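Below are the chains, spelled out letter by letter.
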Amino acid sequence: MSGRLYGVGLGPGDPELVTVRTARLIGEADVIAYHAARHGRSIARSIALPYMREGQIEELLLYPLTTETTDHPGGYQGALDDFYADCAERLAAHLDAGRTVVVLAEGDPLFYGSYMHMHKRLAHRYPTEVVPGVTSVSAAAAVLGRPLVERDEVLTVLPGTLPAQVLAERLRDTDSAAVLKLGRTFGKVRDALAEAGRLDDAWYVERATMGAERVAPLKDVDSDGVPYFSLALLASPAERTFVPERPVDEGRGEVAVVGLGPAGRPWLTPEAQEALAAATDLVGYGPYVDRVAPNARQRRHRTDNRVEAERARHALELARDGARVAVVSSGDPGVFAMASAVLEAAADFPDVPVRVVPGLTAAQAVAARAGAPLGHDYCVLSLSDLLKPWKVVADRLSAAARADLVLAIYNPASRSRTWQVAAARDLLLEHRAPDTPVVIGRDVGGPEESVTVTTLGELDPGQVDMRCLLIIGSSTTRATEGGVVYTPRRYP
């Protein structure tokens, strides 16, 4: 008796979004088959891995090419047809032997999935069942918190590989749309959205529900590095009606200045989560606002990083008119962030309540990753000379160094400030030994996190950019051979 073929949908990426039936079938299967590109890494397998068991046969179906160039006599499509035929026969051999074969598919097996090519070749020959999965389109809408379609609206699903003019025409004539297969097509899709007059309404969702999930207004996304597992989404036009023209609860407005911590949701305090959830309006520097999960009932006011005073007044004006405003800052809002700007402007709004909701600071996050370099007295200092003269920065560096304090240094460098790190190092070396431990924390908590332990004498300014925080040890700070840095609580 022949085996049974299953095409199972794994959903958009989070293993917890795998259906109960799919999880059971994966665990029971004799053979697990999955497609992968030439590098051999399979997203489908990584999603299914928690449900797999030891001893299962794995069939890696490795695509023979990754671009549409080939010397196959049938061209690109001919090469793929041969590949799918070969894969089908490999699976048929297992089915003929009576084995149960599960073919993994990201999203839904019959929605732009590779499984369908196996299905067309094998379903008429063997008992077959398809188990649906959550599509990337549904996941993107869920991540955004925006409805796809309402009542009589029309949803159009488009591949980004279509000609630009066709994309523009389809996008112009539909209510809602999802454009898949971005990657190298992203620039063309963005141009089509602009030509259709829909660019301002479009959202970009990358790797929805996965660890590296990213959500942003599509117009703000750089085309470099856009992966294949991303899509453009035009949500239901009706979602705009969810946002009130005027805030509710007139007279009950307030401003909460909220610290988001250094990275994602795990670093966010429950108090900060509560303040964000209660807000009717979010105000802040664009990338920080984008870190808050979208909510269709909230208005989002994204601004440039250099307009703190204007941003603070805008938040207070909204609250004066009844809005519950969350002004968001990375890290802690009282550490080189928005709390002082809002409180300074609040003098002109005596009837508007203002509260500060603390957040985990970058200094604390980097220190924890390194060990405990802030275990004794320490100083927090910014190297930026945009709001104070460099002489003040230099004098404070020297004073902290003479006092033998550990230093946590914010804003060490930027695109326009490239010499301050070297200057600070030289000042500190007048008071600190060259072997003083130094921690360079970059994007701690984020996808590009790195923590480097070096010494003051060997500190290379070229390693430091605007996303870094430096911790310079005191005379008692120690670095172990394993790279752990700590400052003892007792001072000799």
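One can find the structure itself at the top, above this paragraph.
Now for a quick tour of the structure.

Observations regarding the sheet that holds strand E7 (residues 176–180)
For step 1, the next point in the chain: Reading across from one edge, E6-E7-E10-E8-E9 is the order of the 5 strands in this open sheet, with mixed pairing throughout. Whereas interior strands pair on both sides, the edge strands pair on one side only; in this sheet they are strand E6 (155–159) and strand E9 (214–217). Across the sheet, the mean angle separating the axes of adjacent strands is 20° when strand polarity is ignored.
For step 2, the next point in the chain: Those strands touched by helix H5 (residues 136–144) are E7, strand E8 (203–206), E9 and strand E10 (230–234), and its axis lies near 65° from that of E10.

What about a nonpolar patch on the surface?
For step 1, the next point in the chain: A grouping of Phe336, Tyr378 and Val380 is seen on the molecular surface, where their side chains present a nonpolar patch of about 270 Å² in accessible area.
For step 2, the next point in the chain: As for its position among the elements, valine 380 is in strand E17 (residues 378–382).
For step 3, the next point in the chain: Taking the relative accessible area as the measure of exposure, valine 380 reaches 36% and is therefore partly exposed.

Notes on helix H13 (residues 390–402)
For step 1, the next point in the chain: The end-to-end C-alpha distance of H13, which contains 13 residues, comes to 18 Å, matching closely the 18 Å that a straight helix rising 1.5 Å per residue would cover.
For step 2, the next point in the chain: Those residues of H13 that fall on the buried side of the exposure criterion are Trp390, Val393, Ala394, Leu397, Ser398, Ala400 and Ala401. All buried residues of H13 project into a common sector of 165° when viewed along the axis, lining one side. Of the residues in H13, the exposed ones pointing more than 90 degrees away from the buried face are Lys391 and Arg402.
For step 3, the next point in the chain: Tucked inside the fold, the buried residues of H13 contact E17, strand E18 (406–410) and helix H14 (420–429).
For step 4, the next point in the chain: Downstream of H13 by a residue or two, aspartate 404 has a phi angle that is positive, lying close to 60°.

Things to note about the sheet that holds strand E13 (residues 299–303)
For step 1, the next point in the chain: Read across the sheet, 5 strands follow the order E13-E12-E14-E11-E15 without closing on themselves; strand pairing throughout is parallel. Every other strand in the sheet has two partners, leaving E13 and strand E15 (354–357) as the edge strands with one partner each. Neighbouring strand axes in the sheet, compared pairwise and without regard to direction, differ in orientation by 20° on average.
For step 2, the next point in the chain: Where strand E11 (residues 254–259) lies against E15, 4 bridges are found, and the strand directions are parallel. Counterpart to valine 258 in the pairing with E15 is valine 357.
For step 3, the next point in the chain: Those strands touched by helix H10 (residues 308–320) are E11, strand E12 (281–285), E13, strand E14 (324–329) and E15, and its axis lies near 175° from that of E12.

Quick look at the packing of aromatic side chains
For step 1, the next point in the chain: Scanning the model with the defined rule gives 9 aromatic pairs in all.
For step 2, the next point in the chain: Geometrically, the ring pair formed by tryptophan 390 and tryptophan 419 is edge-to-face, given 4.9 Å between the ring centres and 70° between the ring planes. Placement of the pair is tryptophan 390 in helix H13 and tryptophan 419 in the loop between E18 and H14, with a sequence separation of 29 residues.
For step 3, the next point in the chain: Connected via pairs of aromatic rings, a cluster forms that spans Tyr63, Phe83 and Tyr84.

Looking at the state of the cysteines
One way to say it: the disulfide is the covalent bond shared by the sulfur atoms of two cysteines.
For step 1, the next point in the chain: Taken as a whole and judged by the stated rule, the model has 0 disulfides.
For step 2, the next point in the chain: Summary of cysteine pairing: cysteine 379 is not part of a disulfide, and the nearest cysteine sulfur, belonging to cysteine 468, is at 19 Å.
For step 3, the next point in the chain: We classify cysteine 379 as buried; its relative accessible area is 16%.

Parameters and conventions
Residues numbered from 1 in each chain as written. Predicted model: local features only at pLDDT ≥ 70, side-chain atom pairs only at ≥ 80, totals over all residues. Heavy atoms only, no water. Pairing = 2+ DSSP bridges. Helix = DSSP H or I, 4+ residues; strand = E, 2+ residues; numbered from the N terminus. Axes fitted to C-alpha atoms, helices over the stretch in contact; angles between N-to-C directions. Contact = heavy atoms within 4.5 Å. Patch = residues over 30% accessible without salt bridge, like charges linked within 9 Å, V, L, I, M, F, W, Y side chains within 5 Å. Areas by Shrake-Rupley, 256 points an atom, 1.4 Å probe, with all protein chains shown as cover. Salt bridge = Lys/Arg side-chain N within 4 Å of Asp/Glu carboxyl O. Buried < 20%, exposed > 50% of the residue type's maximum accessible area, 1.4 Å probe, protein only. Expected span 1.5 Å × (residues − 1). Arc of directions from axis to C-beta. Phe/Tyr/Trp six-rings, centres within 6.5 Å; stacked < 30°, edge-to-face > 60°. Disulfide = S-S within 2.5 Å.

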